[in-house]
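Each chain is listed here by its residues.
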Amino acid sequence: MSEQDPERKTLTLKTRAVKPRPAAGGDQTRARIGARARQVAQLKIAKEKLSRMQAAGGDNLTAEPAQEGKPLIVRKAPEASYGDKFRHGQRTDSRAPRGEARGGSAHPNEPARANRGSAPREPTPRPASAPKALPLRDGAQTERASALVLDTEIFHIFAPCPTGLEEALAAELNALGYAQVQPTRAGCHFVADWWGVQRANLYSRLATRILVRLGQAPVQREDDILELAQSIGWERWFGAEHTLRVDTSAVKSPMQSLQYCNLRAKDGICDRLRDLEGARPSIDTVRPDARVHLFLSHDTGTMYLDTSGESLFKRGWRLDKGDAPLRENLAAGILALAGWDPEAALLDPFCGSGTILIEAAWIALGVPPGITRPFGFERLRDHDARRWEDLKDEARSRILPELASPLIGIDANPDAIEAARRNAERAYLTEDTIQFELGDARDAVAPAPSGWIVTNPPYGERLDEEDVEFWREWSACLKKEFAGWQVDVITSDLDLPKHLRLKADRRTPIFNGALDCRLFSFELVASSYRDKPPAQEP
Ligand SMILES: C[S@@+](CC[C@H](N)C(=O)[O-])C[C@H]1O[C@@H](n2cnc3c(N)ncnc32)[C@H](O)[C@@H]1O
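The model shown is predicted, which means the values in this text are computed figures rather than measured ones. (Residues numbered from 1 in each chain as written. Predicted model: local features only at pLDDT ≥ 70, side-chain atom pairs only at ≥ 80, totals over all residues.)

A.B. asks: Lay out the overall build of the protein chain with the relevant residues and their values.
C.D. replies: In terms of regular secondary structure, the protein chain is built from 14 helices and 15 strands. For the protein chain, with 538 residues in total, the buried portion stands at 47%. A separation threshold of at least 6 residues defines the contact pool for the protein chain, and within that pool the share at least 24 residues apart is 78%. (Helix = DSSP H or I, 4+ residues; strand = E, 2+ residues; numbered from the N terminus. Buried ≥ 20, exposed ≤ 12 C-beta atoms within 10 Å, placed from the backbone. Contact = placed C-beta atoms within 7 Å.)

A.B. asks: Requested: an account of the site of the ligand, with residues and values cited.
C.D. replies: Neighbouring the ligand are 21 residues, the closest being Pro325, Phe350, Gly352, Thr355 and Asn413. Counting only elements with at least two residues in the shell around the ligand, the list comes to helix H10 (355-365) and strand E10 (407-411). Looking at the shell around the ligand, its residues break down into 12 nonpolar, 6 polar and 3 charged. (Near = placed C-beta within 6 Å. Nonpolar A, V, L, I, M, F, W, Y, C, P; charged D, E, K, R; others polar.)

A.B. asks: A description of the packing of helix H7 (residues 222-231) against helix H8 (residues 258-277) should follow, citing residues and the corresponding values.
C.D. replies: In contact at an axis separation of 7 Å, H7 and H8 are set at 30 degrees when each is read in the N-to-C sense. With respect to H8, the axis of H7 lies roughly parallel. H8 is crossed by H7, and the crossing has right-handed handedness. Only Tyr260, Cys261, Arg264, Ala265, Asp267, Gly268, Ile269, Asp271 and Arg272 of H8 make contact with H7, whose side of the interface consists of Glu222, Asp223, Ile225, Leu226, Glu227, Leu228, Ala229 and Gln230. (Axes fitted to C-alpha atoms, helices over the stretch in contact; angles between N-to-C directions. Parallel < 35°, antiparallel > 145°, perpendicular 65-115°, else oblique. Left-handed = near helix turned anticlockwise from the far one by under 90°.)

A.B. asks: Tell me about the environment of glutamate 167, and name the residues and values.
C.D. replies: Residue position: glutamate 167 is located in helix H5 (residues 166-175). Residues glutamate 167 and glutamine 182 lie 15 residues apart in sequence; the distance between their C-alpha atoms is 8.9 Å.

A.B. asks: If you had to explain the sheet that holds strand E14 (residues 506-512) to someone new, which residues and values would you point to?
C.D. replies: Across the sheet, which stays open at both edges, the 7 strands sit in the order E11-E10-E9-E12-E13-E15-E14 with mixed pairing between neighbours. Looking at the sheet topology across the chains shown, the edges are occupied by strand E11 (434-438) and E14. Strand after strand, the sheet turns through a mean of 20 degrees between neighbouring axes, direction not considered. Pairing geometry for E14 and strand E15 (residues 515-523), over 7 bridges, is antiparallel. (Pairing = 2+ DSSP bridges.)

A.B. asks: So what about the confidence of the model for the protein chain? Which residues, and what values?
C.D. replies: Any segment with low pLDDT has predicted coordinates that should not be analysed in fine detail. In this model, the protein chain carries an average pLDDT of 78, and 69% of its residues clear a pLDDT of 70 or more. Counting interchain partners and residues more than four positions distant, the pLDDT-below-50 stretch residues 1-43 has 69 contacts. Residue range residues 49-142 is modelled with pLDDT below 50. Its contacts to residues more than four positions away, or to other chains, number 195 contacts. (pLDDT = per-residue confidence, 0-100.)

A.B. asks: Before we move on, could you go through H8 and cite the residues and values that matter?
C.D. replies: Here H8 spans 28 Å end to end across 20 residues, near enough to the 28 Å set by a 1.5 Å rise per residue. Taken residue by residue, H8 has Cys261, Arg264, Ala265, Lys266, Gly268, Ile269, Cys270, Leu273, Leu276 and Glu277 as its buried positions. Just downstream of H8 lies glycine 278, where phi reads positive at about 90 degrees. (Expected span 1.5 Å × (residues − 1).)

A.B. asks: Mind laying out the pairing of strand E8 (residues 300-306), listing which residues take part and the relevant values?
C.D. replies: Most of E8 sits out of view: 5 of its 7 residues are buried. With 7 bridges connecting them, strand E4 (residues 211-218) and E8 associate as antiparallel partners. Counted as the bridge partner of leucine 211 is aspartate 306 from E8. Sheet topology places strand E7 (residues 290-296) next to E8; 6 bridges connect them, and they run antiparallel. Along E8, the bridge assignment pairs leucine 296 with glycine 301. What sits between E7 and E8 in their antiparallel hairpin is a turn of 3 residues.

A.B. asks: Account for the pairing of strand E9 (residues 345-348), with residues named and values stated.
C.D. replies: Of the two faces of E9, the one holding Ala345 and Leu347 and the one holding Leu346 and Asp348 are both buried throughout. Across 3 bridges, the pairing between E9 and strand E12 (residues 451-455) is parallel. Within E12, the residue paired with leucine 346 across the bridge is tryptophan 452. Note that E9 and E10 share 3 bridges and pair parallel.

A.B. asks: Can you explain the environment of phenylalanine 295? Please cite residues and give values.
C.D. replies: Along the chain, phenylalanine 295 turns up in strand E7. Separated by 44 residues in the primary sequence, phenylalanine 295 and valine 251 place their C-alpha atoms 8.1 Å from one another. Each residue touching phenylalanine 295, except ones within four places of it in the same chain, is listed here: Ser249, Thr302 and Tyr304.

A.B. asks: I'd like a description of helix H9 (residues 328-338), backed by residues and values.
C.D. replies: By the criterion of burial, H9 is predominantly enclosed, with 11 of the 11 residues buried. If you check which residues of H9 are buried, you get Glu328, Asn329, Leu330, Ala331, Ala332, Gly333, Ile334, Leu335, Ala336, Leu337 and Ala338. Packing partners of the buried residues in H9 comprise H5, H10, E12, strand E13 (486-491), E14 and E15. In the segment just after H9, glycine 339 is the residue with positive phi, at about 75 degrees.

A.B. asks: Describe unusual backbone geometry, and please don't skip the residues or the numbers.
C.D. replies: Residues other than glycine seldom take positive phi values, yet alanine 186 does so here, at roughly 55 degrees. With respect to the element layout, alanine 186 can be found in the loop between strand E2 (179-184) and strand E3 (187-192). Among the residues examined, alanine 186 registers 18 C-beta atoms within 10 Å and is labelled partly exposed. At aspartate 382, a residue that is not glycine, the phi angle is positive and equals roughly 60 degrees. Mapped onto the fold, aspartate 382 is located in the loop between H10 and helix H11 (385-397).

A.B. asks: With reference to specific residues and values, describe the environment of tryptophan 237.
C.D. replies: One can find tryptophan 237 in the loop between H7 and strand E5 (243-250). A count of 23 C-beta atoms within 10 Å places tryptophan 237 in the buried class. Considering only alpha carbons, one finds tryptophan 237 and alanine 290, 53 residues apart in sequence, at a separation of 8.4 Å. Sequence-distant contacts of tryptophan 237, that is, excluding residues within four places in its chain, are made with Ala290, Leu305, Leu380 and Arg381.

A.B. asks: Before we move on, could you go through the packing of helix H6 (residues 194-203) against H11 and cite the residues and values that matter?
C.D. replies: In a pair of packed helices, the angle between the axes and the distance between the axes together describe the arrangement. Relative to each other, H6 and H11 sit at 45 degrees, their axes nearing to 11 Å. As the angle between them shows, H6 and H11 are arranged oblique. Considering how the two elements wind past one another, H6 and H11 form a crossing that is right-handed. Taken together, the residues of H11 that come into contact with H6 (itself represented by Gln198, Arg199 and Leu202) are Trp388, Leu391, Lys392 and Ala395.

A.B. asks: Lay out the sheet that holds E4 in plain terms, naming residues and giving numbers.
C.D. replies: Pairing is mixed across the open sheet formed by 8 strands, whose spatial order is E2-E3-E1-E4-E8-E7-E5-E6. Each having just a single partner strand, E2 and strand E6 (282-283) make up the two edges of the open sheet. Inspection of the sheet shows E5 paired to E7 by 7 bridges, in the parallel sense. In the sheet register, alanine 250 faces E7, and the bridge partner there is leucine 296. Across the sheet, H5 touches strand E1 (155-160), E2 and E3, and the angle it forms with E2 is around 170 degrees. Of the strands in this sheet, E5, E6, E7 and E8 touch H8, which is tilted by about 140 degrees from E5.

Encoded structure:
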């Protein structure tokens, strides 16, 4: 909600009489019961929030970043630039200064660009003239009250990510302006208001999900989980009109059966909703409207509302998978760890279906990773669709018209090149954005005096003679053609530097799914490898 919102007025809080709870009935009755319970819950929360604000002296509401125009994300037509297509809305300066327009990209390695534009911000105080409260007289106004609460309420969030990307995710979240970012095993904790939750879904390239913590309690036996689930106000987010899925994961939990723990969690949620609203959600494990995650540690249970829905690495553009594709957030994470400068040339000589390069193109153009996909929070109660569209429009308005440097993909398999081209097209990239070529990595030539090679070559279990020869030849090509370049290779072959006869400057442990990998970073300093004996890896 912007401060300029003309509908927003200073009004006093009026409560509605709470009607007695009706008995359970058919679908329509259930929907009415749900709406009623929701109103009561919102009202209670709004009242509490208001009295807290009044007690604190009042004027500490969160200001939202100004909303901008309504351009579209579209591919570049041959005769037009990306920027031309993005000019459909109010914004006419599609060729905005590069730095300014990059605000939304929030690449972890773009500190200078961090916090520009649409990135979430720390709450800022409203001016003294700003309204203090919203009306609560009828249904529509009650929704406004809900918006007020979501603007000011701070949520504790956990964003899981592939193991090895925790620090990079923390850097990304910090660059996006989030507070209290703490990397931990396979994810990061941070805090944000509800709009910050939505922005994290839209902008994080490295997170796998955005989970909002709704409750936590000591758990020693399965019934503790039931009680925990019963104690959380799920009715604020979903009810009988939704379908539900609950997932349970555990680290060092003494519980015997995670399946039974999951059942207890489901029972607790459904019991509460049935008691409050007369009906319970049905379970759908395939396409649920609402998802809840239960996490069990050795002595604690934590329940999260999953605001993402499908995993965030599903950007929406991949249909063609090729051979062993990387997940999109892992590809973005590798680019972050490699320190790739989005204005520098990038080559992936084993590009497969093009994941690394398509991620790179979106980073360089400032395309938010979630711009074309739906999210779980859109299906929850009281989703403010208008404001969400505004948020996305603002993000679209910041997309750059064109790339500064070449992105090139090579693969020896024509099917992989076809898949990469189709994926790029579905990612709204024009043919000339990424140059995909059929070829052999050993014959690659440098498209620029300096740049990055970031790649995910084929992994073999054991190297035979032929493979040894292959890596030697690729290494010879790198040393001859790519002096001055940085090379980052993700592989499960821990002996790769030895095969390449190169000494890695860095080796970062990282998991590709369940595969224990390393990201090996080599700086190919001009002439330093010529005529040298092979370096030994520790
Ligand atoms: C692990 S896959 C890369 C997957 C890619 N990162 C993705 O996300 O789709 C390795 C790729 O290397 C390609 N490849 C194998 N030998 C090659 C060579 N000599 N030159 C170029 N590409 C090669 C394979 O066709 C395969 O697509």
